[in-house]
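A look at the structure
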Amino acid sequence: MAVENYWSISIEELSGYLDCSITGLNSEQAEKRLADFGHNSLGGKKKLTGFSILINQFKSPIILILLFATFVSAIVQEWIDAIIILAIILASSLLSFFQEYNAHNAAQKLTSQISIKTSVFRDGEMLQIPTEEIVPGDVVSLSAGSLIPADGIILESKDLYVNQSVLTGETFPVEKNPGVVKVNASLAERTNCVFMGTNVRSGTAKVLIVHTGKGTVFGSISKTLSLKPPETEFERGIRRFGSMLSQIMLVMVFIVFFFNILLRKPVLDSLLFSIALAVGLTPQLLPAIIGINLSRGAQKMAESGVIVRKLNTIENFGSMDVLCTDKTGTLTMGAVKLARAVDINGKPSDEIFRLAYLNASLQSGMANSLDEAIHSAGKIEYDRSNKVDEIPYDFIRKRLSIVVSENQSNLIITKGALQKILEICTYFEVDNQVESLNDSQINQILEKSRQWGEQGFRILGIAKRAVKHQQQFSRLDETQMTFIGFLLFYDPPKPDACEVINDLKDLGVSVKIITGDSKTVTMHIANEIGLEVYGVLSGEEMNAINDEAFWNIVDRTNLFVEVDPNQKERIISALQKRNHVVGYMGDGINDAPSLHNADVGISVDQAVDVAKEAADFVLLKHDLKVLKQGIILGRKTFANTMKYVNVTNSANFGNMFSMAGISILIPFLPLLPYQVLLTNFLTDMPGMMIADDEVDVELIQSPHRWDIHSLRQFMLVFGLISSAFDYLTFFILLTILNSTQDVFRTGWFIQSVLTELMAMLILRSRKPFFRSKIGKGLLYSSIVIGVFTLILPHIPKFFSFLSLQPLPWQLILTLSGITLLYTIVNEIAKKFFFQKNHN
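Remarks on the overall build of the chain
Helix and strand counts for the chain come out as 29 helices and 23 strands. Taking all 839 residues of the chain together, 54% fall into the buried category. Contacts in the chain between residues far apart in sequence, at least 24 positions, make up 73% of those at least 6 positions apart. Per element, the accessible surface of the chain, about 37100 Å² overall, is 56% carbon and sulfur.

Laid out in structure tokens, this is it:
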């Protein structure tokens, strides 16, 4: 049913090709077409299955290195080595698989709570269905804020303007109309078509869907482009951490292999030992643990009313130090009320309210809180007023006009931003007398507006004009109108707004208000909620400032008033240039670019489609308290991830440093390759429980980011402490006890596991061990692994298979004493370390 050049043929001919009616499909047709064409989604978003998650476990470079080691062992018929290494690979991969699979399923359930829906005509009725279920032949209804679900041809439209810059690069929205264009028209010239991935800026339309999913223009582009989302702050930290580990690993492996060959140790054993050393240095389960932490964080956020759409941005939420938001619904109640409708002298007027009610009731564009407030203020019967036409709202004109027929004459009723209404007015009316509008009168109107603004009212103007009958009206007819009065709206501040602003301040997050409202209204709200205003900048003033100067001003300003969507993006970009992690909260069409460009895009469940699609997080409640919980959970997730990275990295570095050194000094390998891997596997298992660990209050009180310098310092200090105790263990085992090869390996194997387990319990918190509450999962799993390690050499068959040997109780007591001393030294060292590195 693919239709070529559909923009160049008539609607009747196209309907025949598609075997459909311009009134829409019935349910049976839609169901069959969904089966034939598949879901309306792009092939790039493949659903992860259990099998694909399992296969992904074996794509890790670490696992590939281990498989190579297994292959080499098998080639030279070292079957026991090959079997043990393979068993460790399978155990590690399966453990990671089950955790990731469960985490993925949980995240999918949460994401499914937020779905984009489209208005479609089915069985003669308009229904809301998931966008993925749109099929060729469907007729959909579009209005301002709609995300266009698929490629289609316009059946009818009214002042339809579409933002299609994602496809054509056009800066401004493009007007679309029904009709036929030439067969060789470029994408930008197809003014009778709309395309998937674009969005409606203003106006309304009915569209016949022609192509869906991968058959759309957007789908064909996505096949040839590998579009990666911008790298998050956390992902950037992971990449830098990986580079640091790779450098250390390459140097250490080369040195160890070289010296072992120089000392004429077996080549195969030296190679396998070097590979095991490299693998031992890496936190093997880091990808799985990051996935688990993010998924658990998403689940906890959902319980607090925050749905995470993009898991990798959770840590960004915690790192956020600036939150930009409009005041409506966050700092204010979000329940806008019409305080009064008044004439030019400020007197209440029933006629002005009636005209405002007609304008709000008969408009068919985007639903908005101001029109809802007018409806709530009273009910007026308008049976004798018939709608003739509509000139929809847009963000350039900032006004909406309705043409009605009353008493055999037509009347344009226009309401909108006061300044924009005055621009189209030539007259004003007071006490049923119409007079010319001069500069003096305009100044009086603006002064009244300013005074009301200082009282916290949001002001709209309203105007009218009698017009002759004509087929269609456009924005060109908004001229020579008569200004008749004001609509005063009030959105009271939330009772707890002041408390929330202070809470965010305590968390190190500064709130900046970015609004299209006037300075006086915004200042009034800021004063009422106790927001300390230290800088105010208007959109007009911003236009007069160059970028470099603006970067310096933006930190010293927290109220941006009378701004347009492009200026919102400029504010966010300037804050990012100042090294801030910027959050932006919005729910309107004009918020979508800002939501996309911010480090943390936050929207609400009731937002327009294009805003929800651009957001990283969707709030089920339009409430700053929910944001506070999200920030705290983001910081907890980040803190728990960094615990694993810091402790495992330093312990692994210490063990590998010790192993590399002692392997040069003794005639045998200190641990066999599979013993190194088993050590790593056992000590990583409690890390799976780190996501539910308790987090110190100090780590929540301010934003934190990846700090490679601090990470390196932590690794060197605590890694070298670990190594010092390793060498103490070597001295006791070799010099005092004259241990055999197997006893040495068994003793150090036990010691390595016990010290790393204790390191996790001690170094996970900056507080003393006995003052910091440990998560039950982490504590119990550490105890289980510790006990298992102690009894492993005493289990028949296992100890011989793993080349371990039962140890006398005197040696076990000695090793326990070394572990206790290691714990005490770590407690003392961390106190000095964190005093010096308090960040």
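Following the structure, the description resumes.
Quick notes on the side chain of S449
With respect to the helices, strands and loops of the structure, S449 is situated in helix α15 (residues 439-454). Given the relative accessible area of 14%, S449 is considered buried. Apart from the residues lying within four places of it in its own chain, the contact partners of S449 are L418 and I459.

Focus: the packing of helix α24 (residues 673-684) against helix α26 (residues 741-763)
For the pair α24 and α26, the least separation of the axes is 9 Å and the interaxial angle reads 25°. When the interaxial angle is binned, α24 and α26 end up roughly parallel. Where α24 crosses over α26, the handedness of that crossing is right-handed. Contact residues: Q675, L678, T679, L682 and T683 in α24; R745, F749, S752, V753 and E756 in α26. Classifying every residue of the contact of α24 with α26 gives four nonpolar, four polar and two charged.

Some points on helix α17 (residues 519-528)
Turning to α17, its buried residues are V521, T522, H524, I525 and A526. The elements touched by buried residues of α17 are α15, β16 (457-467), β18 (510-514) and β20 (559-561). A positive phi of about 80° marks G530, the residue just after α17.

Some points on a nonpolar patch on the surface
On the surface, a cluster of nonpolar side chains totalling about 670 Å² of accessible area is made up of V251, F254, I255, F258, F259, L262 and L263. Residue placement: L263 occurs in the loop between α8 (233-262) and α9 (267-281). Relative accessible area serves as the criterion here: at 42%, L263 is assigned to the partly exposed category.

Some thoughts on the packing of aromatic side chains
This structure, assessed with the given rule, holds 17 aromatic pairs. Aromatic pair Y6 and W7: ring centres 5.3 Å apart, planes at 70°, arrangement edge-to-face. A relative accessible area of 8% means that W7 is categorised as buried. One aromatic cluster is present, formed by F668, Y727, F730, F744 and W748 through successive ring pairs. Positioned above the aromatic ring of W7, the side-chain terminus of R190 is 3.7 Å from the ring centre. Just above the ring of F121 sits the side chain of K206; from NZ or CZ to the centre is 4.6 Å.

Some thoughts on empty space enclosed by the protein
One pass over the full model with this rule turns up two cavities of 30 Å³ or more. One number sums up the size of the largest cavity: a volume of about 70 Å³. The wall of the largest cavity is formed by twelve residues, among which N655, M656, M659, V676 and T679 lie closest to the centre. For the lining of the largest cavity, the secondary-structure elements that each account for two or more residues are α23 (624-665), α24 and α26. When residues of the lining of the largest cavity are assigned to their parent elements, the largest contribution, four residues, is made by α23. There is about 40 Å³ of room inside the second largest cavity. If you trace the second largest cavity, you find it lined by V647, T648, T683, P686, E756, L757 and M760. Tallying contributions element by element places α26 first for the lining of the second largest cavity, with three residues.

Brief notes about helix α16 (residues 497-506)
The set of residues buried in α16 consists of A497, V500, I501, D503 and L504. Axial view of α16: buried residues confined to an arc of 160°, hence all on one face. Away from its buried face by more than 90 degrees, α16 exposes K505 and D506. Once α16 ends, the next one or two residues include G508, with phi positive near 80°.

Brief notes about the sheet that holds strand β9 (residues 322-325)
Reading across the sheet, the eight strands line up as β8-β23-β22-β21-β9-β18-β20-β19 and stay open at both edges, with mixed pairing between neighbours. The strands lining the two open edges of the sheet, one partner per strand, are β8 (306-308) and β19 (536-538). Averaged over all pairs of adjacent strands, the angle between strand axes in this sheet comes to 20°, irrespective of strand direction. One ladder, built from three bridges, connects β19 with β20; its direction is parallel. Opposite S538, over in β20, you have V561 as the bridge partner. Each of β9, β18, β20 and β21 (582-585) is contacted by helix α20 (residues 565-577), which is oriented at about 160° to β21, the strand it contacts most.

Some words on unusual backbone geometry
Backbone geometry at N432 places phi at a positive 65°, although glycine is not the residue there. Within the secondary structure layout, N432 lies in the loop between β14 (425-430) and β15 (433-436). Using a relative accessible area of 68% as the deciding quantity, one classes N432 as exposed. For N579, which is not glycine, the phi torsion reads 70° and is therefore positive. If you trace the backbone, N579 turns up in the loop between α20 and β21.

Side note on the pattern of salt bridges
Side-chain pairs of opposite charge can arise whenever the charged atoms involved come near each other. Applying the stated criterion to the full structure yields 19 salt bridges. Where R122 meets D138, a salt bridge forms, and the shortest distance between an N and an O atom there is 2.7 Å. Taken together, the residues R122 in strand β1 (residues 117-122) and D138 in the loop between β2 (125-130) and β3 (139-143) connect sequence positions 16 residues apart. Each member of the pair, R122 as well as D138, carries the same accessibility label: buried. Close ionic contact of E478 with R397 constitutes a salt bridge, the shortest N to O distance being 2.7 Å. One end of the pair, E478, is in the loop between β16 and β17 (481-490); the other, R397, is in the loop between β11 (386-391) and β12 (399-406), and 81 residues separate them in sequence. Each member of the pair, E478 as well as R397, is classed as buried. One salt-bridge network, held together by shared partners, links E351, R354 and E406.

What counts and what doesn't
Residues take numbers from 1 onward in each chain, read along the sequence in its written order. This being a predicted model, a pLDDT of at least 70 is required before a residue's local features are given, and a value of 80 or more before pairs of side-chain atoms are given or counted; all residues contribute to the totals for chains, interfaces and linings. Hydrogens are left out, water is left out, and the side-chain values use all remaining heavy atoms of the structure. Every helix listed is a DSSP run of H or I at least four residues long, and every strand listed is a run of E at least two residues long, numbered separately from the N terminus. Relative accessibility decides the category of a residue: with a 1.4 Å probe and only protein chains considered, values under 20% of the type maximum give buried, values over 50% give exposed, and everything between is partly exposed. A contact between two residues is defined here by any heavy atoms of the two lying within 4.5 Å. We get accessible surface area from the Shrake-Rupley algorithm with a probe of 1.4 Å; when it comes to residues, only the shown protein chains can shield them. Helix axes are fitted only over the stretch in contact, all axes being lines through C-alpha atoms; the angle between N-to-C directions runs from 0 to 180 degrees. For classification, angles of less than 35 degrees are called roughly parallel, those exceeding 145 degrees roughly antiparallel, those between 65 and 115 degrees roughly perpendicular, and all remaining angles oblique. Left-handed describes a crossing whose near helix is turned anticlockwise from the far helix by less than a right angle; the clockwise case is right-handed. Ten residues, namely Ala, Val, Leu, Ile, Met, Phe, Trp, Tyr, Cys and Pro, are considered nonpolar, four, namely Asp, Glu, Lys and Arg, are considered charged, and the remaining ones, Gly among them, are considered polar. Residues enter patches when their relative accessible area tops 30% and they take part in no salt bridge; the joining distance is 9 Å for like charges and 5 Å for the nonpolar side chains Val, Leu, Ile, Met, Phe, Trp and Tyr. Definition used for salt bridges: Asp or Glu carboxyl oxygen within 4 Å of a side-chain nitrogen of Lys or Arg. We call Phe, Tyr and Trp rings a pair once their centres come within 6.5 Å, taking the six-membered ring for Trp, and we label the pair stacked below 30 degrees between planes, edge-to-face above 60, and tilted otherwise. A ring has a charge above it when a Lys NZ or an Arg CZ is no more than 6 Å from the ring centre and no more than 35 degrees off the ring normal. As defined here, a cavity is a set of points on a 1 Å grid over the protein atoms alone where a 1.4 Å probe fits but cannot get out. A pocket is an open set with protein on both sides within 12 Å along at least five of seven lines, and residues line them when an atom is within 4 Å of a point. Grid points are joined across faces, edges and corners, and a volume is the space filled by probe spheres set on the points. As used here, the arc belongs to the directions running from the helix axis to the C-beta atoms. When DSSP finds two or more bridges between a pair of strands, those strands are recorded as paired.

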